[in-house]
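A structural walkthrough
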Amino acid sequence: MKGFDYRRAGDPAGAVAAVAAAPGARYLAGGTNLVDLMKLGVEAPDLLVDVGRALDDRIEEGPDGSVRIGAAVRNSDLAAHPAVRRRRPALSQALLAGASGQLRNTATVGGNLLQRTRCPYFQDITKPCNRRDPGSGCPAVEGAHRDLAILGASDQCVATHPSDMAVALAALDAEAVVLGTAGQRTVPVAELHRLPGDHPERETVLEHGDLITDVLLPALPPGARSGYRKARDRASYAFALASVAAVLEVREGSVHRVALAFGAVAARPWRARTAEEALRGAPATAESFARAADAELAAARPLRDNGYKVPLTRNLTVRLLTDLAEGASR
Amino acid sequence: MDDESRRCPSSEVRLQVNGTPYRLRLDNRTTLLDTLREHLDLTGAKKGCDHGQCGACTVLVDGRRSNSCLLLAVALDGAAVTTVEGLADGERLHPLQEAFLEHDAFQCGYCTPGQLCSAAGVLAEAADGMPSAVTPVGESPRLDGGEIRERMSGNLCRCGAYPNIVRAVQDTAQAGAAR
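Reference entry: report on the structure contained in this document. No experiment lies behind these values; they were computed from the predicted model shown.

Time to look at the overall build of chain B. Counting its secondary structure elements, chain B contains six helices and five strands. Moving toward the C terminus, one meets the helices and strands of chain B in the order α-β-β-α-β-β-β-α-α-α-α. In terms of overall size, chain B behaves like a compact globule, its C-alpha atoms giving a radius of gyration of 17 Å where 179 residues would be expected to give roughly 16 Å. Its C-alpha atoms give chain B principal-axis dimensions of about 60 × 35 × 30 Å. Within chain B, counting contacts between residues at least 6 apart in sequence, those at least 24 apart form 52% of the total. Per element, the accessible surface of chain B, about 8500 Å² overall, is 46% carbon and sulfur. Within chain B, one finds 18 positive and 24 negative side-chain charges whose respective centroids are separated by 3 Å.

In structure tokens form, the structure reads like this:
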């Protein structure tokens with residue numbers, strides 16, 4: 001690992017100024033991904049600006065039912081908070097389906113959103129990778145891509161975003177509050193990460209120096225239920241092969257409101273707007289759910305070894321929406 | 001600054017480890033795990049994968065379990081750390097340590113310090129009502145076999161002593177609840 005300077009930020013604005021002024025600087029919060037990438041040589045910052053204590057670590061529920069989550073809130077604390085656990089089980093389930101108890105105690109909400117792909121070529125600096133080293137090539141297209149993207153990929157990059165939490169946040173219409181040198185703005189979580197196209201090295205819409213300070217959850221209608229379903233190679237402590245987060249409100253047997261997001265199938269949490277469109281007003285039945293999932297997955301372009309993700313994602317979707325619809329009718 | 005110190009900047013770090021305060025000057029790259037093992041001669045926490053995947057390095061930081069291989073010591077200034085060496089009360093073993101002996105919850109022992117610290121974290125988290133992926137929504141966690149397997153999934157044991165580890169943790173949890 002390369003040596004680096006370390007600075008503890010006193011407040012978010014000071015942190016932004018410090019990182020924006022230094023091209024080789026990175027923010028450090030929980031560090032569970034960044035420190036690992038530094039050991040692997042994927043990241044070699046010359047300055048770490050520690051925002052672990054400068055960022056808010058509280059969760060506040062507004063009178064309207066909306067929630068503000070400080071970016072330094074630990075994953076385990078967010079999963080346990082009543083506004084999440086009871087009102088938004090999709091988010092609690094997604095958080096608890098990710099990583100291990102130790103990692104969830106350490107990793108922050110902001111860092112979880114900005115964690116990097118676990119594509120084996122990205123993490124191995126002896127291999128080419130357009131995301132890490134633009135123009136060097138993408139061995140995953142022909143190589144080990146069984147875990148990689150089926151939606152929104154390009155011939156330059158087929159990486160997936162590994163977060164479970166972000167998938168639930170995308171379905172819950174969460175927004176990230178971003179502080180930059182030009183001030184504060186909000187970015188929908190579903191639009192935070194870029195699809196690779198010809199520039200897979202541009203992973204998010206954030207500029208160097210931009211800092212996620214909070215995540216906002218809008219109020220949920222009282223009749224809406226949410227859930228998260230994940231498939232993986234072992235029962236616990238593994239990244240998703242595919243996952244689905246959904247918010248569903250059924251009225252008189254029909255879909256009144258639905259939000260659907262897929263995980264581990266694209267370079268960002270995949271908000272399934274085509275499926276949502278197909279479902280609005282449709283009967284809340286397994287047949288409708290399957291048709292909607294198929295409509296969304298018609299855009300899938302699986303590679304040689306990851307075609308299984310198409311039926312897996314569809315079946316997860318049907319099962320989750322069916323469970324939510326049955327729960328809603330009880 | 002000369003070239004050498006510019007390449008390897010260091011910082012002063014205060015840590016309380018198993019109740020003893022330390023003030024150390026550490027290369028900024030030093031993880032908590034290397035601080036414990038290489039600077040404080042506390043070799044209980046083990047370096048297994050060094051990437052946060054095996055749990056052998058698990059310690060308690062301000063009472064919460066964490067992978068010490070992924071924590072930079074410089075970022076922990078002022079923290080209180082408990083390692084496996086700090087679990088016992090003098091010569092009296094921690095109930096988890098007694099239970100691991102009782103249930104033969106290890107073979108080679110390499111993962112055991114991490115298992116013990118992780119299990120101590122599990123007991124505290126469950127007592128605080130922290131849910132796991134298998135806790136039904138709206139219910140308080142009860143540390144049955146399923147809960148323990150899920151909560152301990154960040155600690156790998158290549159000898160495969162899992163069934164006895166689960167029994168040891170479950171016994172300790174039940175004894176604690178009965179007290």
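All names here are of chain A. Within this structure, the stated rule accounts for 34 salt bridges over all chains. Linking Arg68 and Glu60 is a salt bridge whose minimum nitrogen-to-oxygen distance equals 3.2 Å. Among the residues examined, Glu60 registers a relative accessible area of 37% and is labelled partly exposed. Residues joined in a network through salt bridges with shared partners are Asp173, Arg257, Arg271, Glu276, Glu277 and Arg280.

What follows is about the packing of helix H3 (residues 95-102) of chain B against helix H4 (residues 112-127) of chain B. All names here are of chain B. Relative orientation of the contacting elements H3 and H4 amounts to 125°, with a least axis distance of 10 Å. Between H3 and H4, the crossing angle belongs to the class labelled oblique. H3 and H4 meet at a crossing whose hand is right-handed. Across the interface between the two elements, Leu96, Gln97 and Phe100 from H3 touch Thr112, Gln115, Leu116, Ala119, Ala120 and Leu123 from H4.

Residues and elements named next belong to chain B. The five strands lie next to each other as E2-E1-E5-E3-E4, forming an open sheet whose pairing is mixed. Only two strands of the sheet have a single partner each, and these edge strands are strand E2 (20-27) and strand E4 (64-67). The average angle at which neighbouring strand axes cross in this sheet is 40°, direction not considered. Pairing between strand E3 (residues 58-61) and strand E5 (residues 80-82): two bridges, direction antiparallel. If you follow Val61 over to E5, its bridge partner there is Val81. Running at roughly 40° to E3, H4 makes contact with E3, E4 and E5 of the sheet.

Here we take up the environment of A:Ala29. Residue and element names in this part refer to chain A. Inspection of the secondary structure puts Ala29 in the loop between strand E2 (25-28) and helix H2 (34-40). With a relative accessible area of 28%, Ala29 lands in the partly exposed category. Expressed as a C-alpha distance, the spacing of Ala29 and Arg53, which sit 24 residues apart in the sequence, is 8.2 Å.

Between chain B and chain A, the residue contacts involve 37 residues of the former and 38 residues of the latter. Together, the buried faces of chain B and chain A total about 3000 Å²; carbon and sulfur atoms form 52% of this surface. When the buried area of chain B at its contact with chain A is split by residue, B:Arg29, B:Arg64 and B:Leu70 rank highest and sum to 19% of it. Scanning the region where chain B abuts chain A turns up two salt bridges. Among the ionic pairs, A:Asp77 bridges to B:Arg64, the shortest N-O distance being 3.1 Å.

Residues and elements named next belong to chain A. Within the span of helix H1 (residues 12-20), buried status applies to Ala15, Val16, Ala18 and Val19. In a view along the axis of H1, the buried residues occupy a sector of 165°, so they form one face of it. If you follow the buried residues of H1, they end up packed against strand E1 (5-8), E2, strand E3 (47-50), strand E6 (175-180) and strand E8 (211-217).

Further remarks concern helix H10 (residues 286-297) of chain A. Residue and element names in this part refer to chain A. The first and last C-alpha atoms of H10 sit 16 Å apart over twelve residues, in line with the 16 Å expected at 1.5 Å per residue. Among all positions in H10, only Ser288, Phe289, Ala292, Ala293, Glu296 and Leu297 are buried. Buried positions in H10, seen along its axis, are confined to an arc of 160° and lie on one side of it. Exposed positions of H10 whose direction lies more than 90 degrees from the buried face are Glu287 and Arg291.

Calculation rules
Residues numbered from 1 in each chain as written. Chains lettered and ligands numbered in written order. Predicted model: local features only at pLDDT ≥ 70, side-chain atom pairs only at ≥ 80, totals over all residues. Heavy atoms only, no water. Helix = DSSP H or I, 4+ residues; strand = E, 2+ residues; numbered from the N terminus. Rg over C-alpha atoms; globule rule 2.2 N^0.38 Å. Contact = heavy atoms within 4.5 Å. Areas by Shrake-Rupley, 256 points an atom, 1.4 Å probe, with all protein chains shown as cover. Lys, Arg positive; Asp, Glu negative; His and termini not counted. Charge placed at Lys NZ, Arg CZ, Asp CG, Glu CD. Salt bridge = Lys/Arg side-chain N within 4 Å of Asp/Glu carboxyl O. Buried < 20%, exposed > 50% of the residue type's maximum accessible area, 1.4 Å probe, protein only. Axes fitted to C-alpha atoms, helices over the stretch in contact; angles between N-to-C directions. Parallel < 35°, antiparallel > 145°, perpendicular 65-115°, else oblique. Left-handed = near helix turned anticlockwise from the far one by under 90°. Pairing = 2+ DSSP bridges. Buried area = accessible area lost by both parts, 1.4 Å probe. Arc of directions from axis to C-beta. Expected span 1.5 Å × (residues − 1).

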